[in-house]
Protein chains: 6
Amino acid sequence: MNVILKVSGKFFDEEDPAKLLALKNSVLQLVKEGYRVGIVTGGGQTARKYINLARKMGSNEAFLDLLGIWASRLNAYLVVFSLPEVAYMKVPESLEEFIQAWSHGKVVVTGGFQPGQSTAAVSALVAEATNADLLVVATNVDGVYEKDPRLYSDAKLVSRLTTTELKRILEGSQSVSAGTYELLDPLAIKIVERSRIRVIVANYNRISKLKEIIKGEEVASIVEPA
Amino acid sequence: MNVILKVSGKFFDEEDPAKLLALKNSVLQLVKEGYRVGIVTGGGQTARKYINLARKMGSNEAFLDLLGIWASRLNAYLVVFSLPEVAYMKVPESLEEFIQAWSHGKVVVTGGFQPGQSTAAVSALVAEATNADLLVVATNVDGVYEKDPRLYSDAKLVSRLTTTELKRILEGSQSVSAGTYELLDPLAIKIVERSRIRVIVANYNRISKLKEIIKGEEVASIVEPA
Amino acid sequence: MNVILKVSGKFFDEEDPAKLLALKNSVLQLVKEGYRVGIVTGGGQTARKYINLARKMGSNEAFLDLLGIWASRLNAYLVVFSLPEVAYMKVPESLEEFIQAWSHGKVVVTGGFQPGQSTAAVSALVAEATNADLLVVATNVDGVYEKDPRLYSDAKLVSRLTTTELKRILEGSQSVSAGTYELLDPLAIKIVERSRIRVIVANYNRISKLKEIIKGEEVASIVEPA
Amino acid sequence: MNVILKVSGKFFDEEDPAKLLALKNSVLQLVKEGYRVGIVTGGGQTARKYINLARKMGSNEAFLDLLGIWASRLNAYLVVFSLPEVAYMKVPESLEEFIQAWSHGKVVVTGGFQPGQSTAAVSALVAEATNADLLVVATNVDGVYEKDPRLYSDAKLVSRLTTTELKRILEGSQSVSAGTYELLDPLAIKIVERSRIRVIVANYNRISKLKEIIKGEEVASIVEPA
Amino acid sequence: MNVILKVSGKFFDEEDPAKLLALKNSVLQLVKEGYRVGIVTGGGQTARKYINLARKMGSNEAFLDLLGIWASRLNAYLVVFSLPEVAYMKVPESLEEFIQAWSHGKVVVTGGFQPGQSTAAVSALVAEATNADLLVVATNVDGVYEKDPRLYSDAKLVSRLTTTELKRILEGSQSVSAGTYELLDPLAIKIVERSRIRVIVANYNRISKLKEIIKGEEVASIVEPA
Amino acid sequence: MNVILKVSGKFFDEEDPAKLLALKNSVLQLVKEGYRVGIVTGGGQTARKYINLARKMGSNEAFLDLLGIWASRLNAYLVVFSLPEVAYMKVPESLEEFIQAWSHGKVVVTGGFQPGQSTAAVSALVAEATNADLLVVATNVDGVYEKDPRLYSDAKLVSRLTTTELKRILEGSQSVSAGTYELLDPLAIKIVERSRIRVIVANYNRISKLKEIIKGEEVASIVEPA
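If you're wondering where the values come from, they're calculated on a predicted model, not measured in any experiment.

Quick look at the overall build of chain A now. Secondary structure assignment for chain A yields ten helices and nine strands. Over its C-alpha atoms chain A spans a radius of gyration of 17 Å, differing by no more than 12% from the 17 Å that the globule rule assigns to 226 residues. Taking the principal axes of the C-alpha coordinates as reference, chain A spans close to 50 × 45 × 35 Å. Taking contacts inside chain A between residues at least 6 apart in sequence as the whole, the part at least 24 apart equals 70%. Surface exposure of chain A reaches about 7,900 Å², of which carbon and sulfur atoms provide 47%. Charged side chains of chain A number 27 positive and 26 negative; the gap between the two group centres comes to 1 Å.

In structure tokens form, the structure reads like this:
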């Protein structure tokens, strides 16, 4: 079974070795049990730092995005170097490179690919190209909420929804958390729909339970392609 | 002045050496006058042939897109090899490669970059990354029409419009020509808006008048970022 | 056992998914039985289309050949993307790249390498570099004929011959089919002779019987190095 | 005249767009006046952050160094993207890549090359390979001091010294500032000695006066090869 | 005017700095006068040493050829590093790489490309791809002789001949010097004929007179395509 | 168990197929028994020949070193092509490339990486990056001697020493053999110390007993990190 794991850049901002070790151990466990695993890392605060600096210097949007991509690759190398026994030891810089890397049977870790494209979209592309059964989006909330949980204390987690419903939540409401949008942007949704990839949104604080998340035994939102 | 030229794959389907020579001569003229020129080629019939074959064999969508991309690169090489004095002699395979190629001062010709992305989006990304003043989209109609000119004999060419108006035409109407959508998809529009790139949609049968098209002296539609 | 399979460009011109699936299944069967398989694809009609266009535009011979090579690589990618479980997911662009790709234990699929060189010669070079026991040349006739079977209804298939005899047929006769020459050009013959590689020429319409062809149980011509 | 500029990672830690713009303008000025400029960037706080995280996860020293190198490349890209008109648009990843990049006549910006090697050593190697007349080391102090200026208020800047004297200061004293050692490590000194490269150590807060620093008209230490 | 210079591997076997400096100075002179120059180096004794060793270890012919190619690249780097102001600083490893390198306007130096192919053939391919007017073959004899000058004291240099005559000399006589064959093998002749490239065979001891050789003012054989 | 083997360039100067076969067989034996093996080759006489020529032509030190590195890569390819069944079929050109190559589970063979750095240092870097348990340095003496055995007939082999003692021998004595210094230069010692890698110095004439050397059952010097 092929699983792609998207890890939010915020995960790396916490600079918490325990969480990184939990990620490492969960991946090693999955590999041991015969899963094939791909990982896509966001850029987080390192990306924002460089983008802000360059913006103040008058850089164009493409170059800003590229700085964010290089920052996400730095996060990817941090994961790669923690998994030397099982990882492909280079961070691919395009989907074509990812596909080649993947064919070697290793865990492949990548950051962004291209300006104008979120790492969420990258993870969907990667899931499609590897015929993955599942895309796990690990972020700093427990899943998809109907309302922004940071604004509304009564906001409820939606444990099961379709991509159509997800789009309605994302588009139809002002109160949607900004973080949610990051989870699956329009290109990502288009890809998971056209290739019928199931998505699970979960909290990266539960990354030590990655196997349970995959099996649907942990708190999370499961998004089925419409 | 930097100009990016998107050439529809249909241009190559016509297998007309005269048109290719017109393209070559127009590019040489622009270069001689000090323009910097980038070219993005579509995949056309060659792309469709390979995609259809692979689809019947059960290939995933990412691989189908990649076959289309490789076909568009074949068209790109046809252009490259017609311009050995002024072209960068390799077709870049990602935006990062394009940026490097561009910095050598040559005409850079590229096909697609990545699955999930039209060559129209590629041309917008390339225009943004090169700080281009203008993106010329050369296709098989004279510009943007309010209604599909193939269905309505009274359809009028819109000679000037904003990206907002273009989006309304693209989304609001069933009768919009399929070809129009190819011109500028949502990602392409997002890019030209965020980087304020002017777009001119013109007929590739007028490619010998490329300079006049750029100057706004030929039949065409000019799309300004909203 | 290592086998290199040269597939004529005409095979792809037929745009027949059934034949492509037969190729796929035969390769998967061989891999399953422990064979190592390399595949070299010709350029066919796609190559000719681009070469003709470029010739009319005045391109030099090296660039014409390169367009043919890029077309053959498109055919190679079509095969690659039909075999994601067993193929090396990049088409090598030189013999050195092929050798590296081969060492990963995968099915490696390649098109042409270099101007001035047929894909038949490429297949011989690849067979030599991989210490292959056998080079199978799959084409649109049943094997090597003494006379051109399209001109002479009494032309007989030669089921066993030496490279010396093959050269005599190729050089000594005007009536030799043009297609035959494509099978093994002088460089290809030089290579199979110096490295003593056995060649089997067979009809690609029998590709579903690839294993039988290899075992000498199908209609074909077997060419032994002199 | 060829000049290599080593910029301390601390320069980037300050996240000060004004300083980055000063660097950009100084480089543009030098280029305009006919200098060839190469830039080597340190990793700074970003490097330390990733190295610390990986060390806590048990990574080997080579991987720690590689994370620092990737961080320094991120700083290099920040500089590259601020100089699109004059820079080589890829950060070289080895001296061989640097040499190739340099031959295109552009400003080449690089981070680290290899584990076990400081970016100071990289800048010396780059200076040697480009036959540079001068290596400018821009750091957070005004030059080389006999004693650590942070401990001794009477520490004096040495405005002129030989590499032999520099080595004596670095080795013979406990009170030498840790920062000084970073300036020129043993490999860097070996290189500047064997190729007789003059080194100027200056404060990066004076980077807007880079031309004056090069001409010896600003506060700085000039180190001559022994 | 584009000129390709093939330098025999024997030139490097002599380990004569004076000859290498003569080569360097002749190339610099040509560049100064506006010529574009490409150089192809043979492998010489270094190639033979490694080939012999590997043959005794049972290596296949493709690997033997590759060792010879790597040796020829070492000779190419020796030339590259002697011309840092004007040379492309990487030795291309295929014709496609050569073409890209060439488009940068530099002197490009290459060794062999591929097993089964002489460096003479490489030089013809390179001449064709660069639309060169002339291919100069610098070797250890003064040109093409009717008989082997080492066996027959009355052997005469042929100052002008066609490729047809050259082939007759090469094929029709046993007494032809082995070295002659190295000059232009069948693939090389095929290329210079199809692209109508003039060839001059001259003694590398006259390399300081390269300009005169090119102008036909030095002892040499001029071979015109038939 | 991971073992890195550094083979002196002198080994290749002897041009002795028997020794090369002994190396091949020892490596195959180790692989068969489950060892992972990396090999670093010196440049030897081939390196010196090219360096001397280039020095006489006035090349800078970086280019001289690069010629030596390319010569060492030629030696590396000789080893690679003798081990096609188990070797990674490309010689890595940097530590990053080595790490990627290594992750494929093959025997990886490399020459030098970078100017200013001995192949001994390369072997230490490689040992560190691969978490090797052992670095075997195969040279033309039996191990480390207290005095130069070529000058003092009573010089004794030191069968066990620390890196501190090794440094004392290397630095404190004039009579130390030049060859010894080549074994482990300061960077190499720094690396083996910081990563606590055990080093065995042995005679390459005993290479057929590589397994015994590794087990400490052959004449050799064992150097433990201080």
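Across the contact, 26 residues belong to chain C and 26 residues belong to chain E. A combined buried area of about 2,000 Å² lies between chain C and chain E, and 51% of that area is made up of carbon and sulfur atoms. Of all residues in chain C, C:Glu96, C:Gln114 and C:Arg194 give up the largest surface area on contact with chain E, accounting jointly for 28% of the area buried on that side. Two residues, C:Arg73 and E:Glu96, come together in a salt bridge whose shortest N-O distance is 2.8 Å. Applying the counting criterion to the chain C and chain E interface returns 16 residue pairs in polar contact (both at pLDDT 80 or more).

It is worth spelling out the pattern of salt bridges at this point. Scanning the entire structure with this criterion turns up 99 salt bridges over all chains. For E:Lys49, the salt bridge identified is with F:Glu15, shortest N-O distance 4.0 Å. A residue pair is termed interchain when its members come from two chains, as with E:Lys49 in helix 3 (residues 44–56) and F:Glu15 in the loop between helix 1 (9–13) and helix 2 (17–32). Here E:Lys49 falls in the buried class, since its relative accessible area comes to 12%. Owing to a relative accessible area of 40%, F:Glu15 belongs among the partly exposed residues under this scheme.

Our next topic: the sheet that holds strand 1 (residues 2–7) of chain C. All names here are of chain C. Spatial strand order, 3-2-1-4-6-7-5: seven strands in an open sheet with mixed pairing. Each edge of the sheet is formed by a strand with only one pairing partner; in this case those strands are strand 3 (108–110) and strand 5 (160–162). With direction set aside, neighbouring strand axes in the sheet form an average angle of 20°. Where strand 6 (residues 198–203) lies against strand 7 (residues 221–224), three bridges are found, and the strand directions are antiparallel. Pairing of Ile200 across the sheet is with Ile222, part of strand 7. The sheet contacts of helix 4 (residues 61–82) involve strand 2 (36–41) and strand 3, and relative to strand 2 the element is tilted by about 145°.

Let us look at the relation of the copies chain A and chain D. For the pair chain A and chain D, the best superposition has an RMSD of 0.0 Å and corresponds to a rotation of 180° with a translation of 0.0 Å parallel to the axis. Both copies are brought into coincidence by an operation consistent with a two-fold rotation axis. When the interface residues of chain A are mapped onto chain D, 100% of them again fall at the interface, so both copies present the same face.

All names here are of chain A. Under the UniProt annotation, "binding site: ATP" (unreviewed entry) lies at Lys6, Val7, Ser8, Gly9, Lys10, Gly44, Arg48, Thr139, Asn140, Tyr145 and Asp148. In terms of the greatest pairwise C-alpha distance, the residues named above, spread along 143 residues, do not form a single cluster, extending to 25.4 Å across. Secondary-structure assignment places Gly9 in helix 1 (residues 9–13). Dropping the residues within four chain positions of it, Gly9 is found in contact with Gly42, Gly43 and Gly44. By secondary structure assignment, the location of Tyr145 is in strand 5 (residues 144–145). Discounting residues that sit within four places of it in the chain, Tyr145 has contacts with Ala155, Lys156, Leu157, Val158 and Ile169.

Attention now goes to the sheet that holds strand 1 (residues 2–7) of chain B. All names here are of chain B. Pairing is mixed in the open sheet, where seven strands are placed in the order 3-2-1-4-8-9-7. Of all the strands in the sheet, just strand 3 (108–110) and strand 7 (160–162) have a single pairing partner and so form its edges. The mean angle between the axes of side-by-side strands here comes to 20°, regardless of whether they run parallel or antiparallel.

With that settled, consider the packing of aromatic side chains. Inspection of the entire model under this criterion finds 39 aromatic pairs over all chains. Aromatic side chains C:Tyr77 and C:Phe81 sit 5.6 Å apart centroid to centroid with 25° between the ring planes, which places their arrangement in the stacked category. Of this pair, C:Tyr77 and C:Phe81 both sit in helix 4, four residues apart, which is roughly one turn of the helix. In this pair, the class of C:Tyr77 matches that of C:Phe81, namely buried. Taken together, the ring pairs in this structure connect A:Phe63, A:Trp70, A:Tyr77, A:Phe81, D:Phe63, D:Trp70, D:Tyr77 and D:Phe81 into an aromatic cluster.

Attention shifts here to the interface of chain A and chain D. The interface is formed by 28 residues belonging to chain A together with 28 residues belonging to chain D. Between chain A and chain D lies a buried interface of about 2,900 Å² when both sides are counted; carbon and sulfur atoms form 79% of it. Taken together, chain A and chain D are joined by one salt bridge. For the pair chain A and chain D, the number of links is six residue pairs in polar contact (both at pLDDT 80 or more). Going through the elements one at a time, helix 2 (17–32), helix 3 (44–56) and helix 4 (61–81) of chain A are the ones with two or more residues in the side of chain A that touches chain D. Within the side of chain A that touches chain D, the residues separate by chemical class into 19 nonpolar, four polar and five charged.

Secondary-structure assignment places A:Asn60 in the loop between helix 3 and helix 4. A relative accessible area of 11% means that A:Asn60 is categorised as buried. Within the local environment of A:Asn60, its side chain forms a polar contact with the side chain of B:Asn131, the two groups lying 2.9 Å apart. If we skip the residues at most four places from it in the chain, A:Asn60 touches B:Glu128, B:Ala129 and B:Asn131.

We now examine helix 5 (residues 95–102) of chain F. Of all eight residues in helix 5 of chain F, six are buried; the element is thus mostly enclosed. Buried within helix 5 of chain F are the following residues: F:Leu95, F:Glu96, F:Phe98, F:Ile99, F:Ala101 and F:Trp102. At its buried positions, helix 5 of chain F is contacted by helix 4 (61–81) of chain D together with strand 1 (2–7), strand 2 (36–41), strand 3 (108–110) and helix 6 (119–129) of chain F.

This next bit is on the pairing of strand 4 (residues 134–139) of chain E. Along a regular strand, successive side chains alternate from one face of the sheet to the other. Residue and element names in this part refer to chain E. Taking burial as the measure, the six residues of strand 4 include six buried ones, the bulk of the element. Of the two faces of strand 4, the one carrying Leu134, Val136 and Ala138 and the one carrying Leu135, Val137 and Thr139 are both buried. Bridge analysis of strand 1 (residues 2–7) against strand 4 gives five bridges, and the strand direction is parallel. Across the sheet, residue Val7 finds its bridge partner in strand 4, namely Ala138. Note: strand 4 against strand 8 (residues 198–203), six bridges, orientation parallel. Paired with Leu134 across the strands is Arg198, a residue of strand 8.

Between the two copies of this chain, the relationship is a rotation about some axis together with a displacement along it. Laying chain C over chain E is done by rotating through 180° and shifting 0.0 Å along the axis; what remains is an RMSD of 0.0 Å. A high fraction, 100%, of the interface residues of chain C reappear at the interface in chain E, so the copies pair face to face through one surface.

Chain-level pLDDT for chain A is 93 on average; 95% of the residues reach the 70-or-more range. Between residues 174–180 of chain A, whose pLDDT stays under 50, and residues either more than four places distant or in other chains, the model counts twelve contacts.

Describing two packed helices takes the angle between their axes plus the distance from one axis to the other. Where helix 4 (residues 61–82) of chain E contacts helix 4 (residues 61–81) of chain F, the two axes come as close as 10 Å, and the packing angle between them is 180°. With respect to helix 4 of chain F, the axis of helix 4 of chain E lies roughly antiparallel. Contacts from E:Phe63, E:Leu66, E:Leu67, E:Trp70, E:Ala71, E:Leu74, E:Tyr77, E:Leu78 and E:Phe81 of helix 4 of chain E reach helix 4 of chain F at F:Phe63, F:Leu66, F:Leu67, F:Trp70, F:Ala71, F:Leu74, F:Tyr77, F:Leu78 and F:Phe81. Here the contact of helix 4 of chain E with helix 4 of chain F is built from residues that sort into 18 nonpolar, no polar and no charged.

Before going further, it helps to examine the arrangement of the chains. Chain C shows no contact with chain D. Their nearest C-alpha atoms sit 20 Å apart. Note that chain B does not reach chain F: the shortest distance linking a C-alpha of one to a C-alpha of the other is 20 Å.

Before going further, it helps to examine the environment of B:Leu187. Looking at where B:Leu187 falls in the secondary structure, it is placed in helix 9 (residues 186–194). B:Leu187 gets classed as buried once you look at its relative accessible area, which sits at 19%. Spatially, the C-alpha atoms of B:Leu187 and B:Gln117 are 8.1 Å apart, while their sequence positions differ by 70 residues. When near neighbours in sequence (up to four residues on either side) are disregarded, B:Leu187 contacts A:Gly116, B:Gln117 and B:Ala121.

What counts as what
- Residues numbered from 1 in each chain as written.
- Chains lettered and ligands numbered in written order.
- Predicted model: local features only at pLDDT ≥ 70, side-chain atom pairs only at ≥ 80, totals over all residues.
- Heavy atoms only, no water.
- Helix = DSSP H or I, 4+ residues; strand = E, 2+ residues; numbered from the N terminus.
- Rg over C-alpha atoms; globule rule 2.2 N^0.38 Å.
- Contact = heavy atoms within 4.5 Å.
- Areas by Shrake-Rupley, 256 points an atom, 1.4 Å probe, with all protein chains shown as cover.
- Lys, Arg positive; Asp, Glu negative; His and termini not counted.
- Charge placed at Lys NZ, Arg CZ, Asp CG, Glu CD.
- Buried area = accessible area lost by both parts, 1.4 Å probe.
- Salt bridge = Lys/Arg side-chain N within 4 Å of Asp/Glu carboxyl O.
- Polar contact = N/O pair within 3.5 Å; in protein donor to acceptor, adjacent residues only side chain to side chain.
- Buried < 20%, exposed > 50% of the residue type's maximum accessible area, 1.4 Å probe, protein only.
- Pairing = 2+ DSSP bridges.
- Axes fitted to C-alpha atoms, helices over the stretch in contact; angles between N-to-C directions.
- Least-squares fit on C-alpha atoms with pLDDT ≥ 70 in both.
- UniProt positions renumbered as here; feature names shortened; annotations may be inferred.
- Phe/Tyr/Trp six-rings, centres within 6.5 Å; stacked < 30°, edge-to-face > 60°.
- Nonpolar A, V, L, I, M, F, W, Y, C, P; charged D, E, K, R; others polar.
- pLDDT = per-residue confidence, 0-100.
- Parallel < 35°, antiparallel > 145°, perpendicular 65-115°, else oblique.

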